[in-house]
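Here is what each chain is made of, one letter per residue.
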Amino acid sequence: MTLETILSIFLGIGLAASVGFRVFVPLFALSLSAYFNVLELNSSWLWLGSLTTVITFGVATLFEIFAYYIPFLDNLLDTIAIPLAAIAGTAIVVSTTIDLNPVVTWSLAIIAGGGSATAIASTSSATRLASTATSAGFANPIVSTIETVMAVFMTIISLVLPVLALILVLVILGLSFKIFKKFRTSKP
């Protein structure tokens, strides 16, 4: 396994984790990066670098970011964001991983990509639900802003420093597990 292959895996896992915060931010960044030939994609995923895909993901990104600031729509979006995060996280790892056997690529994508995206999206959803319950939704824009900032931050780190991104993913997943455990034990 070459260094380039390892970095492509780390890139994919970092972007997949970012999907857990906002589904379309990392997809848009990945599409832009491919369009401008900044990074290499898996040969069957070259369509991600087309202008049509860049525009589609750009519009979807704007819609998603602003929709999370609309009361009740934010909670509704969370219900579909978790399965979408699993799919997008898996697709991102498959699209960025190069020079691996397809069985290994897809296994890694489903477990590391889809798994990390789902774990983070679930924690974000639980956080928003707690915010809605405790503040009648008035704190939800703060939660949305933090999630968007984390999505952008993780996406940039993943593209620029994939090794650091993997470390941050592990830290975020550890924190997510602690938050989930806290919510779980606080139920009567």
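The present account deals with the structure reproduced in this document. Keep in mind that this is a model prediction, so the values were computed, not measured.

### So, the layout of surface pockets
Taken as a whole, the largest pocket spans an internal volume of roughly 280 Å³. Phe21, Thr123, Ser124, Thr127 and Ile179 are the residues nearest the centre of the largest pocket, which is lined by 13 residues in total. When residues of the lining of the largest pocket are traced back to their parent elements, those giving at least two are helix H5 (102–135), helix H6 (140–160) and helix H7 (162–186). Its residues assigned to classes, the lining of the largest pocket comprises eight nonpolar, four polar and one charged.

### Here's the deal with the pattern of salt bridges
This model, assessed by the stated rule, comprises three salt bridges. When the shortest N-O distance is used, the salt bridge between Arg128 and Asp78 registers 2.6 Å. Highlighted residues: Arg128 in helix H5 and Asp78 in helix H4 (residues 73–96), separated in sequence by 50 residues. Classification of Arg128 by relative accessible area gives buried; the value is 0%.

### Structural notes on a nonpolar patch on the surface
Together, Val152, Ile156, Val160, Leu161, Val163, Leu164, Ile167, Val171 and Leu175 line one region of the surface with nonpolar side chains, adding up to about 750 Å² of accessible area. It is H7 that contributes the most residues to the nonpolar patch, five residues altogether. Mapped onto the elements, Leu164 comes out in helix H7. Given the relative accessible area of 34%, Leu164 is considered partly exposed.

### Some thoughts on the nonpolar core
Core analysis: the biggest nonpolar cluster contains 35 residues, and Ile13, Val19 and Leu30 have the highest contact counts within it. For this core, the secondary-structure elements that each account for two or more residues are helix H1 (3–19), helix H2 (24–35), helix H3 (51–67), H4, H5, H6 and H7. If one sorts the elements of this core by residue count, H1 sits on top with seven residues. Apart from residues no more than four positions distant in its own chain, Leu30 is found in contact with Leu15, Leu39, Leu41, Leu48, Ile92, Ser95 and Thr96.

### Details of the side chain of Ser8
Turning to its location among the elements, Ser8 is positioned in helix H1. When residues no more than four places from it in sequence are discounted, the contact partners of Ser8 are Thr96, Thr97 and Ile98.

Cut-off values and rules
- Residues numbered from 1 in each chain as written.
- Predicted model: local features only at pLDDT ≥ 70, side-chain atom pairs only at ≥ 80, totals over all residues.
- Heavy atoms only, no water.
- 1 Å grid on protein atoms, 1.4 Å probe; cavity = no way out; pocket = protein on both sides within 12 Å on 5 of 7 lines; lining within 4 Å.
- Points joined across faces, edges and corners; volume = space filled by probe spheres on them.
- Helix = DSSP H or I, 4+ residues; strand = E, 2+ residues; numbered from the N terminus.
- Nonpolar A, V, L, I, M, F, W, Y, C, P; charged D, E, K, R; others polar.
- Salt bridge = Lys/Arg side-chain N within 4 Å of Asp/Glu carboxyl O.
- Buried < 20%, exposed > 50% of the residue type's maximum accessible area, 1.4 Å probe, protein only.
- Patch = residues over 30% accessible without salt bridge, like charges linked within 9 Å, V, L, I, M, F, W, Y side chains within 5 Å.
- Areas by Shrake-Rupley, 256 points an atom, 1.4 Å probe, with all protein chains shown as cover.
- Core = buried A, V, L, I, M, F, W, Y, C linked by side-chain atoms within 4.5 Å.
- Contact = heavy atoms within 4.5 Å.

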